[in-house]
Amino acid sequence: MNNAERFLDGYLKAWSSNDPDTIRDLFAPDATYRGGAHDLPVTEGVDAIVALWLNRRDEPGTWSFEGAADVETASAAVIRGVTTYTDGPKADVYDNVWLVRFDDEGRALEFQDWWFERKG
């Protein structure tokens, strides 16, 4: 399994569980995270990423995700997917483009999620 596949599998496990250790395992200690195109300033450091994730968490069973890497190397990936929220204030369909840069251990050094709500 390559870095992109491991990251996507781990991300979905973390998203489904909201377990702090599972989230932490995805990111390098000094990682940066942008959960949306307008997330400024960037979240820096794995502890801050875990706190942000848990503050914005999606509850299990309220969403589904279908996606895969479109472009990947050992050090980076572009993952494209579709998130469908079935419950709550975000109930709708979103297109996602994730840009991920990996460290030597396959953890995310940089993560950027560009998401776009489908209209109509």
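The preceding data block contains the structure.
What you see as residue numbers is a count from 1 along each chain, following the sequence as written. A pLDDT threshold of at least 70 governs which residues receive local features in this predicted model, and a stricter bar of 80 or more applies before side-chain atom pairs are shown or counted, although totals over entire chains, interfaces and linings include all residues. Only hydrogens and water are set aside when side-chain values are computed; all heavy atoms of the structure are taken into account.

Turning next to the environment of Thr32. Comment: elements are numbered from the N terminus, with helices defined as DSSP H or I runs of at least four residues and strands as E runs of at least two. Among the structural elements, Thr32 can be located in strand β1 (residues 27-34). A C-alpha to C-alpha distance of 6.3 Å links Thr32 and Phe111, two positions 79 residues apart in sequence. Pairs of residues are marked as contacts when any of their non-hydrogen atoms sit within 4.5 Å. Discounting residues that sit within four places of it in the chain, Thr32 has contacts with Val42, Thr43, Glu44, Ile49, Leu109, Glu110 and Phe111.

With that settled, the discussion passes to the nonpolar core. Phe7, Tyr11, Phe27, Trp53 and Trp98 are the most contacted members of the largest nonpolar core, which has 27 residues in total. Counting residues per element, the ones that place at least two in this core are α1 (3-17), α2 (20-26), β1, α3 (46-55), β3 (63-72), β4 (76-85), β5 (92-102) and β6 (108-117). Residue contributions to this core peak at six residues, all from α1. What Phe27 contacts, discounting residues up to four positions off in sequence, is Phe7, Tyr33, Val46, Ile49, Trp53, Arg107, Ala108 and Phe111. Remark: nonpolar core denotes a set of buried residues (Ala, Val, Leu, Ile, Met, Phe, Trp, Tyr, Cys) joined through side-chain atoms within 4.5 Å. Per-residue accessibility, obtained with a 1.4 Å probe over protein chains only, is compared with the maximum for each type, and a residue is labelled buried under 20%, exposed over 50%, and partly exposed between these values.

Below, the discussion takes up the sheet that holds β1. Read from one edge to the other, the open sheet built from six strands follows the order β2-β1-β6-β5-β4-β3, with strand pairing classed as mixed. At either margin of the open sheet sits one strand with a lone partner, and together these are β2 (43-44) and β3. Two strands qualify as a pair provided that DSSP identifies no fewer than 2 bridges between them. Where β3 and β4 come together, nine bridges link them in antiparallel fashion. Bridge pairing links Trp63 to Tyr85 in β4. Axes, fitted as lines to C-alpha atoms, cover a helix only where it is in contact. Angles between the N-to-C directions of the axes lie from 0 to 180 degrees. Packing against the sheet, α1 makes contact with β1, β3, β4, β5 and β6, and its axis sits at approximately 165° to β3. Along the sheet, α3 contacts β1 and β2; its crossing angle with β1, the most-contacted strand, is approximately 45°.

On to the pairing of β1, then. One ladder, built from four bridges, connects β1 with β6; its direction is parallel. Of the residues in β6, the one forming a bridge with Tyr33 is Phe111. Bridge count between β1 and β2: two bridges; the pairing is antiparallel. Within β2, the residue paired with Tyr33 across the bridge is Thr43.

Ring pairs shown here join Phe, Tyr and Trp side chains whose ring centres sit within 6.5 Å, with only the six-membered ring taken for Trp; geometry is labelled stacked below 30 degrees between planes, edge-to-face above 60, and tilted in between. Per the counting criterion, the structure on display carries 17 aromatic pairs. Centre to centre, the rings of Tyr11 and Trp53 are 4.9 Å apart; their planes meet at 50°, and the pair counts as tilted. On the criterion of sequence distance, the pair formed by Tyr11 in helix α1 and Trp53 in helix α3 is long-range, its members being 42 residues apart. With respect to class, Tyr11 is no different from Trp53; both count as buried.

On to unusual backbone geometry. In this structure, Asn18 is a non-glycine residue whose phi angle is positive, near 55°. Structurally, the position occupied by Asn18 is in the loop between α1 and α2. Note on Asn18: relative accessible area 8%, which makes it buried.

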